[in-house]
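This is what each chain is made of:
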Amino acid sequence: MIHKREFHDLEKKFDLVVIGGGITGISVAREAAVRGIRVLCVEKNDFACATSSATSKLLHGGLRYLESYEFGLVRESLSERHIMGLAAGHLSRPMQFLVPMFEWSNPGRFIMQMGLSTYDLLAYDRNLGTPEDKQIPPAKWISREEFLKLEPKIESKGLKGGFVYYDYQSTYPERLALAFVKTAVQAGAVMLNHCQATGFGFKAGTKQIESVQIQDTLSGKEYTAKGSVFVNASGPWMDQVLGLAERSPLHKVQKSKGIHLLTDRIIGEQTLFLRNKKGQHCLLLPWEGMTLIGPTDSPYEGSPDDLSPVEEDITMLMDLVNELLPGRPLTREKIRHVPIGIRPLVFSGKSTYRASRKHEIYDHAADQDKIEGLVSVLGGKWTTSRKLGEDVLHACLPKLRSFSPGIQIKDVRTDREPLHGYPTFGASSTEIWEQIALMNHRVPDNVLNHLYTLYGTDYQEVLEIARKEPSLLKRISDEPGRYDIMAQIVYAVENESAHTLSDILSRRLALGSFGYPGDTAAKRAADLAGKLLKWSSSRKTEELKAYRLSYPLERLSTDSKKKK
Ligand SMILES: Cc1cc2nc3c(=O)[nH]c(=O)nc-3n(C[C@H](O)[C@H](O)[C@H](O)COP(=O)(O)OP(=O)(O)OC[C@H]3O[C@@H](n4cnc5c(N)ncnc54)[C@H](O)[C@@H]3O)c2cc1C
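Residues numbered from 1 in each chain as written. Predicted model: local features only at pLDDT ≥ 70, side-chain atom pairs only at ≥ 80, totals over all residues. Heavy atoms only, no water.

Caption draft 1: Main features of the site of the ligand. Around the ligand sit 37 residues, and of these Glu43, Thr51, Ser52, Leu58 and Thr383 come closest. In the environment of the ligand, a nitrogen atom lies 3.1 Å from a nitrogen or oxygen atom belonging to the backbone of Ser56. Between Trp382 and the ligand, the recorded distance is 3.1 Å, taken from a backbone N or O atom to an oxygen atom. Alone, the ligand offers 1,000 Å² of accessible surface; in the complex the protein occludes 96% of this. Secondary-structure elements contributing two or more residues to the shell around the ligand are helix H1 (23-34), strand S8 (195-202) and strand S18 (340-346). When residues in the shell around the ligand are grouped by element, the largest group, four residues, is from S18. The two domains that each donate at least three residues to the shell around the ligand are domain 1 (7-51 + 174-251 + 356-407) and domain 2 (89-170 + 255-346). (Near = heavy atom within 4 Å. Polar contact = N/O pair within 3.5 Å; in protein donor to acceptor, adjacent residues only side chain to side chain. Areas by Shrake-Rupley, 256 points an atom, 1.4 Å probe, with all protein chains shown as cover. Helix = DSSP H or I, 4+ residues; strand = E, 2+ residues; numbered from the N terminus. Domains from an automatic or database assignment.)

Spelled out as structure tokens, the structure:
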């Protein structure tokens, strides 16, 4: 359970204060909390609401990074992919990738074979202590006939055959982030969403930070939190947060805009890795009966708060898919959602596509302004976030020992620990599910399986709510394949620090991840959430509007209606 947002928690002094509740900040908070460090993490909106929920939903080694010889990064990512699969088996699964090879393909078969053999080699320990349902076979070549059998929708003209390889899919990154949050809270972290860092306080006459001003973005109230060391983990907002402390912050973040199209299903059960003759490429990933297409990668100069896709982003991806698949299968009507995010990359002077995905940690005592007690972190990938958290914590240890005298730091290794909701590190998710399915829960198997996937062992708590009030077993959406039930709304509000309709539908439940679920389902959810959170009728109307407009596609259609 994530405790209620209680601001009297801020009366004590923290050892570590983390700004930003994307997966980077959450991982740092978790690393600190499990070692017994008093840690506060503040997030101005909701946990994992920004880049961390706009991903390709992959836990991957980054095959593409081999092109720039980043063997260290790929090895680290493959190792973290393995750890994530063992720590949260209910939220990850192996995913098969198909790479077609045409007469004109560049890179051709030989280079691809070299790349995939290296990928396998760097993942030499991928099946060590790994249950059967998470095992990954080596990459292999398949004939043209085998390829067409696996994916008949591919262009057959000029097709020579192709490769099959594997990574993991992260089924619900928002829920995986929440599993990190709950692990941190269980270990004593104070995790506050809807709290924005608005300024820093300095020790009198020094350049040492001793506090951060916080604004509760729901009530507008202001607070001060005291700490010894502060971590700026605000990703795309890094320079802005740094600007709260430094007069002349060096701009370190290189922002890369990335969108996906979530569409009605247009391919089979495997991910397609497609490249055209110009070298442009995209992934078509199967996800919950739909197809996730992308990502794009283009420089972004504006404020992250103003991020929105433009029609050209959507058309560009649609054209690419229709060029690569015969019969131009992707029409505008099939697009249900356009997730969008900003990669916070380390500035390198290279294009955003070529820029490395490695992370960097900055101690601002070394900057021109010589700010003491502030560390920033930038870059990284969702896949490597656990390791990133560990690295940041290690970088902060000397400061913590010096500015929090007497601090006791436990020796803990999170690479062997399960995340909240998963009973044992390395357990078989299939076996856990089979045991659950044998119990008589009196709910349909597809709903039960859905709850287990989202909550792991916490699924029982959701069912307990529905047992006490059977009307809460009702599904929120009438659309087929949407298994969320009303009891999850109660659980989200009472146990998972959900405060807005977007928090509930987009990041606690699955429903919002499929695109705007329609007015009927949204209203049904808002009626119950409104009762629980004591919303006035005007607040409910505002929540419904804000929720609808949180979807880029809805914003685009509202804008185009206004222009007409
Ligand atoms: C299109 C795309 C696809 C991707 N696909 C993958 C993938 O498949 N696999 C993978 O491993 N990685 C992927 N990544 C990379 C991965 O998503 C990012 O590396 C990661 O999510 C970055 O997390 P973050 O916490 O640094 O940033 P964010 O998630 O953006 O979090 C930063 C947080 O800081 C908060 N914040 C900002 N200012 C303040 C303030 N003043 N006070 C309090 N809080 C503040 C923001 O609200 C935000 O929530 C992808 C990225 C993109 C863009």
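Caption draft 2: Fine view of the packing of aromatic side chains. Inspection of every chain in the model, using the stated rule, returns 15 aromatic pairs. With centroids separated by 4.8 Å and ring planes inclined at 25°, the aromatic side chains of Phe97 and Tyr165 adopt a geometry described as stacked. Within this pair, whereas Phe97 is found in strand S4 (residues 92-102), its partner Tyr165 is found in strand S6 (residues 159-170), the two being separated by 68 residues in sequence. Under the relative-accessibility criterion, Tyr165 is labelled buried at 4%. When the ring of Tyr119 is compared with that of Tyr165, the centres are 6.0 Å apart and the planes differ by 85°; the resulting orientation is edge-to-face. In this pair, Tyr119 sits in helix H3 (residues 109-122) while Tyr165 sits in strand S6, placing the two residues 46 residues apart along the sequence. The exposure class of Tyr119 is buried, given its relative accessible area of 3%. (Phe/Tyr/Trp six-rings, centres within 6.5 Å; stacked < 30°, edge-to-face > 60°. Buried < 20%, exposed > 50% of the residue type's maximum accessible area, 1.4 Å probe, protein only.)

Caption draft 3: Layout of a nonpolar patch on the surface. Taken together, the side chains of Phe110, Ile111 and Met114 present a nonpolar region at the surface, about 350 Å² in accessible area. Checked against the element boundaries, Phe110 lands in helix H3. We classify Phe110 as exposed; its relative accessible area is 60%. (Patch = residues over 30% accessible without salt bridge, like charges linked within 9 Å, V, L, I, M, F, W, Y side chains within 5 Å. Salt bridge = Lys/Arg side-chain N within 4 Å of Asp/Glu carboxyl O.)

Caption draft 4: Representation of the pattern of salt bridges. This structure, assessed with the given rule, holds 36 salt bridges. The shortest N-O distance in the salt bridge between Arg482 and Glu479 comes to 3.5 Å. For Arg482, a relative accessible area of 8% gives the class buried. Taken together, the shared-partner salt bridges in this structure form one network comprising Asp46, Asp503, Arg507 and Arg508.

Caption draft 5: A look at helix H2 (residues 71-87). For H2, which comprises 17 residues, the first-to-last C-alpha distance of 24 Å matches the rise-based estimate of 24 Å (1.5 Å per residue) to within 8%. With 12 of 17 residues buried, H2 lies mostly within the body of the structure. Among the residues of H2, those classed as buried are Leu73, Val74, Ser77, Leu78, Glu80, Arg81, His82, Ile83, Met84, Gly85, Leu86 and Ala87. Close packing links the buried residues of H2 with strand S3 (58-59), S4, H3, S6, helix H5 (173-186) and helix H8 (385-403). (Expected span 1.5 Å × (residues − 1). Contact = heavy atoms within 4.5 Å.)

Caption draft 6: View of the pairing of strand S11 (residues 253-259). The buried fraction of S11 amounts to seven of the seven residues, a majority that puts the element mostly inside the structure. Of the two faces of S11, the one carrying Val253, Lys255, Lys257 and Ile259 and the one carrying Gln254, Ser256 and Gly258 are both buried. As paired strands, S11 and S18 are joined by seven bridges and run antiparallel to one another. In the sheet register, Lys257 faces S18, and the bridge partner there is Ile342. Summarising the sheet, S11 and strand S16 (residues 298-299) pair through two bridges and their orientation is antiparallel. Bridge pairing in S16 links Ser256 to Pro299. (Pairing = 2+ DSSP bridges.)

Caption draft 7: Spatial organisation of the nonpolar core. In terms of nonpolar packing, the biggest core is built from 151 residues, with Leu16, Met191, Leu261 and Leu284 touching the most fellow members. No other element matches H5, which puts eight residues into this core. Ignoring sequence-local partners within four residues, the contact set of Leu284 consists of Ile266, Ile267, Gln270, Thr271, Leu272, Leu274, Thr291, Leu292, Ile293, Val321 and Leu325. (Core = buried A, V, L, I, M, F, W, Y, C linked by side-chain atoms within 4.5 Å.)

Caption draft 8: Examining the side chain of Arg507 more closely. You can see Arg507 is positioned in helix H13 (residues 501-508). Note on Arg507: relative accessible area 10%, which makes it buried. Of note is the side chain of Arg507, whose polar atom sits 2.7 Å from the side chain of Asp46. At a separation of 3.2 Å, a polar atom in the side chain of Arg507 contacts the side chain of Asp503. Discounting chain neighbours no more than four positions away, the residues touching Arg507 are Asn45, Asp46, Phe47, Ala48, Cys49, Glu174, Arg175 and Ser502.

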